[in-house]
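Inside the fold
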Amino acid sequence: MIPVLEAVSLLVDGAIATIRLNRPDKLNAMNLAMWHDIRTAFRYVDETPAIRVAILEGEGKAFTAGIDLQMMLGVGAQVRDECDGRTRENLRRVILDLQDTLTSLERCRKPVLAAVHGACVGGGIDLICCADMRYCAADAWFTIKEIDIGMVADVGTLQRLPRLIGEGMARELAYTARKFDAAEAREMRLVNRVFESPDALRAGVREIAEQIAAKSPLSVRGVKEMISYARDHTIADGLNYVATWNAAMLMSSDLQAAMMAGMSKSVPTFKD
């Protein structure tokens, strides 16, 4: 059963799930409910065999305005303890839990395609850096905003973004909080492609998702696992892991279906 969510909508259409940040009146500012809903939604996608690909997007005029400032203001009361050490331990646990909500995109075995239109601010950068691929509309703009509110971004941008766009550019954007547009995001390879409008973005990303969904689900899950593993390990470690993976997974019904379809020039059908 699709989970009931408060600040995120989840629509399943065929093999594709669309997860949409859904506080348009607040420019999809990320309140506590949204952080938790994101984890719940991606856990559902991961655990539902019929879903093969997920699309992440925003409702309304923007992808997200970033973390909800009311949530930020409420953290002090949430973690307060008469013991200063315990207060700080509580705060650390809150930060680790927020990190975990976004890491749920990486834990999800299915590919996640982020489709960004309008503003993508602060926590929105943290969020899309966890996706497998990122696409945007021509009206999209981005900023790592945390430095302007006197804090260090702490839920993933500083760890993931340098691997995507290079350390020098990531430092510049994090130190200055300057805005950059869709064209620059494409130039620095933060996004794979820029579409002319939000409607074109949704249609284009849907088409890519459908192409992925038609492939062997077991193989797609394996590719995600291998690329994510290789990012954090040596080449030798990655080669060893993929050898072990294929020793376990290669002789599958998907392999047979793909080979038979190739020989008969037909479209293969795969089990979820």
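Labelled according to an unreviewed UniProt entry, the chain appears under the name Crotonase/enoyl-CoA hydratase family protein, originating from Duganella dendranthematis. The chain has a UniProt comment under Pathway (unreviewed entry) that states "Lipid metabolism; fatty acid beta-oxidation." What UniProt states about the chain under its Sequence similarities (unreviewed entry) heading is, verbatim, "Belongs to the enoyl-CoA hydratase/isomerase family."

Take the packing of helix H1 (residues 32-47) against helix H3 (residues 84-107) next. Contact geometry for H1 and H3: axes closest at 9 Å, N-to-C directions at 30°. The angle between H1 and H3 places the two elements in the roughly parallel class. Here H1 runs over H3; the crossing is left-handed. Residues Leu 32, Trp 35, His 36, Ile 38, Arg 39, Phe 42 and Asp 46 of H1 lie in contact with H3, whose contacting residues are Asp 97, Leu 98, Asp 100, Thr 101, Leu 102, Ser 104, Leu 105 and Arg 107. Looking at the contact of H1 with H3 residue by residue, the class counts come to seven nonpolar, three polar and five charged.

Before going further, it helps to spend a moment on the pattern of salt bridges. For the structure shown, the criterion picks out 22 salt bridges. The partner of Asp 232 in a salt bridge is Arg 163, with the nearest N and O atoms 3.9 Å apart. Residue Asp 232 is located in the loop between helix H9 (217-231) and helix H10 (235-249), and its partner Arg 163 is located in helix H5 (residues 157-165); the two are separated by 69 residues in the primary sequence. Given a relative accessible area of 53%, Arg 163 falls into the exposed group.

Once that is clear, we can look at the sheet that holds strand E8 (residues 180-181). A sheet is described by the order of its strands in space; here three strands give the open sequence E5-E7-E8, paired in mixed fashion. Of all strands in the sheet, those with a lone pairing partner are strand E5 (119-121) and E8, marking the two edges. Summarising the sheet, strand E7 (residues 141-143) and E8 pair through two bridges and their orientation is antiparallel. Across the sheet, residue Phe 142 finds its bridge partner in E8, namely Phe 180.

A few words now on the pairing of strand E4 (residues 112-116). E4 sits mainly inside the fold: five of its five residues count as buried. Burial of the side chains of E4 extends over both faces: Val 112, Ala 114 and Val 116 are buried on one face and Leu 113 and Ala 115 on the other. With four bridges joining them, E4 and strand E6 (residues 133-137) adopt parallel strand pairing. Note on E6: the bridge partner recorded for Ala 115 is Tyr 135.

About the cut-offs
- Residues numbered from 1 in each chain as written.
- Predicted model: local features only at pLDDT ≥ 70, side-chain atom pairs only at ≥ 80, totals over all residues.
- Heavy atoms only, no water.
- UniProt positions renumbered as here; feature names shortened; annotations may be inferred.
- Axes fitted to C-alpha atoms, helices over the stretch in contact; angles between N-to-C directions.
- Helix = DSSP H or I, 4+ residues; strand = E, 2+ residues; numbered from the N terminus.
- Parallel < 35°, antiparallel > 145°, perpendicular 65-115°, else oblique.
- Left-handed = near helix turned anticlockwise from the far one by under 90°.
- Contact = heavy atoms within 4.5 Å.
- Nonpolar A, V, L, I, M, F, W, Y, C, P; charged D, E, K, R; others polar.
- Salt bridge = Lys/Arg side-chain N within 4 Å of Asp/Glu carboxyl O.
- Buried < 20%, exposed > 50% of the residue type's maximum accessible area, 1.4 Å probe, protein only.
- Pairing = 2+ DSSP bridges.

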